[in-house]
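Fold and geometry: a report
In case you want the letters, here they are:
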Amino acid sequence: MSTVPVIRPIHNEYCQEIIDIILPIQQKEFNVPVTLEDQPDLQDIDTNYHRTGGGFWGGFIQEELAGTIALISIGHRAGAIRKMFVKKEFRGKEYGIAQQLLEELVAYSKSVQITDLYLGTVDKLAAARRFYERNHFKEIKKTDLPSYFPLMNADNVFYHLHINDGAA
């Protein structure tokens, strides 16, 4: 049995598995006050991500969905990263799922001429923030986000990455 992660696009048939990863991490692990009702996109991945020029990817270990990442194409050659979550037991360098998910998203972004990536997160997610910073994302003020960036109520820390041939 291989423990090498497989990263691939995922669609609506994975909605419940995606929800089962994301909600407990948000609500139980990090006490972020967000509900499924706050995130209707999780119940229709195809419409909210794939059909709008973005994407949604899963990281699998032995066919188990272990992590997710999503991209919303927001126009202006820009994208918003969403839904970057990895199950606790699959985090870290041993599997490298988060890194591979981000690299897949950046490669896709380059292929569709997206040159700027933005994301919002929560200040208490220190490990996530370090991860983005290691991957050349620069913390920016909320007021420096483009007007077309889709804000999430819980987010209070924001990052930007200008993609070039050397990024991520």
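Just above sits the structure.
The structure contained in this document is the topic of the report that follows.

Parameters at a glance
- Here the residue numbers are simple positions, counted from 1 along each chain's written sequence.
- It should be noted that, the model being predicted, local features are given only for residues of pLDDT at least 70 and side-chain atom pairs only at 80 or more, the latter also being counted only at that level, while totals for whole chains, interfaces and linings use all residues.
- Hydrogens and water are ignored here; the side-chain numbers use all heavy atoms of the structure.
- Any two rings among Phe, Tyr and Trp, with Trp reduced to its six-membered ring, count as a pair given centres within 6.5 Å; such a pair is stacked if its planes are under 30 degrees apart, edge-to-face if over 60, and tilted if neither.
- Helix and strand assignments follow DSSP, with helices taken as H or I runs no shorter than four residues and strands as E runs no shorter than two, numbered in order from the N terminus.
- Each residue's exposure class comes from its accessible area (1.4 Å probe, protein chains only) as a fraction of the maximum for that residue type: buried when under 20%, exposed when over 50%, partly exposed otherwise.
- Cation placement over rings: the criterion is NZ of Lys or CZ of Arg within 6 Å of the ring centroid and within 35° of the ring normal.

Another aspect to go through is the packing of aromatic side chains. The final tally for this structure, using the stated rule, is nine aromatic pairs. Between the aromatic rings of Tyr-14 and Phe-60, the centroid separation amounts to 5.5 Å while the plane-to-plane angle is 70°, which identifies the pairing as edge-to-face. Residue Tyr-14 is found in the loop between strand S1 (6-9) and helix H1 (15-29), and its partner Phe-60 is found in strand S2 (residues 55-61); the two are separated by 46 residues along the sequence. No difference in accessibility class separates Tyr-14 from Phe-60, as the two residues are buried. Seen from their ring centres, Tyr-132 and Tyr-159 are 6.1 Å apart, and the 40° between their planes marks the pair as tilted. On the criterion of sequence distance, the pair formed by Tyr-132 in helix H4 (residues 126-134) and Tyr-159 in strand S7 (residues 157-162) is long-range, its members being 27 residues apart. The burial state of Tyr-132 is the same as that of Tyr-159; both residues are buried. One aromatic cluster is present, built from ring pairs that chain together Phe-131, Tyr-132, Phe-137 and Tyr-159. Sitting above the plane of the Phe-60 ring, Arg-8 keeps its charged end 3.7 Å from the centroid. Across the ring face of Phe-149, the terminal group of Arg-82 is positioned such that the distance to the ring centre comes to 5.8 Å.

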